[in-house]
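The primary structure of each chain is shown beneath.
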Amino acid sequence: MADFIDEIEEIEKEQANDFLLEDDDECASIITSPEVSPGLYEHFKIIADKGQSLLRVDKFLVARLVGATRNRIQQAAEAGCIWVNGQAVKSNYRVKPADVVQIVMDRPRRETEIIPQDIPLNIVYEDADLMVINKPAGMVVHPGHGNYSGTLLNAIAYYLRDDQHFDASDPRLGLVHRIDKDTSGLLVIAKTPEAKSHLGLQFYHHTTKRHYRAVVWGQFQEKEGRIEGNIARSMKDRLQMTVYPDGSQGKHAVTHYQVLEKLGYVTLVECRLETGRTHQIRVHMKYIGHTLFNDERYGGHEILKGTTSSKYKQFVQNCFAICPRQALHAKTLGFVHPSTGEEMFFDSELPEDMQHLIDKWRIYSTSKDIEL
């Protein structure tokens, strides 16, 4: 059992608080820990999607916990540490839709203290209930393994240091949803438990309005489209997510896209999230053959379209240098205010790196004979 405890600690350091979420990227508020037996503590909770097919709980957890092995999960089940719907289960239990799967242990979960740091914030809107922040690319949202400082929450903790009602370490406050470190754009932060619960329900029920801008490899035959396919962690690379079109694994995910501008061997698109899964846009666009430009994790940092000429290769390398991250920006965010009931909508400008990248491809595409 000691080996499993060590493994869980490593997973916790790697995952931070991600698996306390209903959707890894989007809903960080409405899932609260049920009562467990005295002396036991919840370390992870995962809620099976409504479309979840019957799957052994050990396989279910191995697919969702980075670094976990099936043998260790089985040992944990034998020790009574794997619970489903409030009851300990064996490793052969078959997870059903909407099952609540927990890992419970006899010691508290290792917490990451959020230290206030004086880091500039681009605050788009603020009132007594919430804040809307335009996050720059390169900023991690929440402290975790390898990123214990310099995060958005560290900055918020400092900014709200004189607010006696706000504690950045209180899970009832703060993040309602998340975006990746190297994705820029708009996020909403709850300053009260009531605001977080209300906003969290909007993300859970997919009633928020979120539009992204992305530069992707290749050109589209159609002007707009809809991508549907369950998303879960890849069995080949646990740091990647992948699409399971047969619905055998993962969570239901839908992305709508519209072509905004053809730029030679890349395309500027708008993506609208109907659901909010981890890496959803990045994974869905790769699934249809249009990997995000310079998305290293999913292969977009390679030259996927174009010519073999040395001049073209140098041009693309220059573009990679201009925008040294996946070309993805959370441009708009809309929701209903938790106190007033007012529909609120926020828009942000493209960051300089993405705008410069688009301008450079625009010049290239108009000055060259593009062979598609």
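Just so you know, these numbers come straight off a predicted model, no measurement behind them.

Student: So what's going on with the side chain of threonine 267? Which residues, and what values?
Tutor: Along the polypeptide, threonine 267 turns up in strand S16 (residues 266-273). A polar atom in the side chain of threonine 267 sits 2.5 Å from the backbone oxygen of glycine 218. Not counting the four nearest positions on each side in its chain, threonine 267 is found in contact with Ala214, Val215, Val216, Gly218, Gln219, Phe220, Val259 and Glu261.

Student: Run through unusual backbone geometry, naming residues and quoting values.
Tutor: Backbone phi values are negative for most residues with the exception of glycine, while trans is the configuration of most peptide bonds. Phi at alanine 98 is positive, roughly 70°, even though this residue is not glycine. By the element assignment, alanine 98 lies in the loop between strand S5 (94-95) and strand S6 (100-105). Of note, the phi angle at histidine 279 is positive, near 60°, even though the residue is not glycine. Within the secondary structure, histidine 279 is located in the loop between S16 and helix H6 (280-287). By relative accessible area, which is 9% here, histidine 279 ends up buried.

Student: Can you lay out the packing of aromatic side chains for me, pointing to particular residues and giving the numbers?
Tutor: Using the criterion set out here, one finds 14 aromatic pairs in the structure. Between the aromatic rings of tryptophan 217 and tryptophan 361, the centroid separation amounts to 6.3 Å while the plane-to-plane angle is 85°, which identifies the pairing as edge-to-face. Of this pair, tryptophan 217 sits in strand S11 (residues 209-217) while tryptophan 361 sits in helix H8 (residues 352-367); the two residues are 144 residues apart in sequence, bridging distant segments of the chain. The same class applies to tryptophan 217 as to tryptophan 361, namely buried. In this structure an aromatic cluster arises from ring pairing among Trp217, Tyr265, Phe293, Tyr312, Phe315, Phe320, Trp361 and Tyr364. Lying across the ring of phenylalanine 60, arginine 64 places its NZ or CZ 3.8 Å from the centre.

Scoring rules and cut-offs
- Residues numbered from 1 in each chain as written.
- Predicted model: local features only at pLDDT ≥ 70, side-chain atom pairs only at ≥ 80, totals over all residues.
- Heavy atoms only, no water.
- Helix = DSSP H or I, 4+ residues; strand = E, 2+ residues; numbered from the N terminus.
- Polar contact = N/O pair within 3.5 Å; in protein donor to acceptor, adjacent residues only side chain to side chain.
- Contact = heavy atoms within 4.5 Å.
- Buried < 20%, exposed > 50% of the residue type's maximum accessible area, 1.4 Å probe, protein only.
- Phe/Tyr/Trp six-rings, centres within 6.5 Å; stacked < 30°, edge-to-face > 60°.
- Lys NZ or Arg CZ within 6 Å of the ring centre and 35° of its normal.

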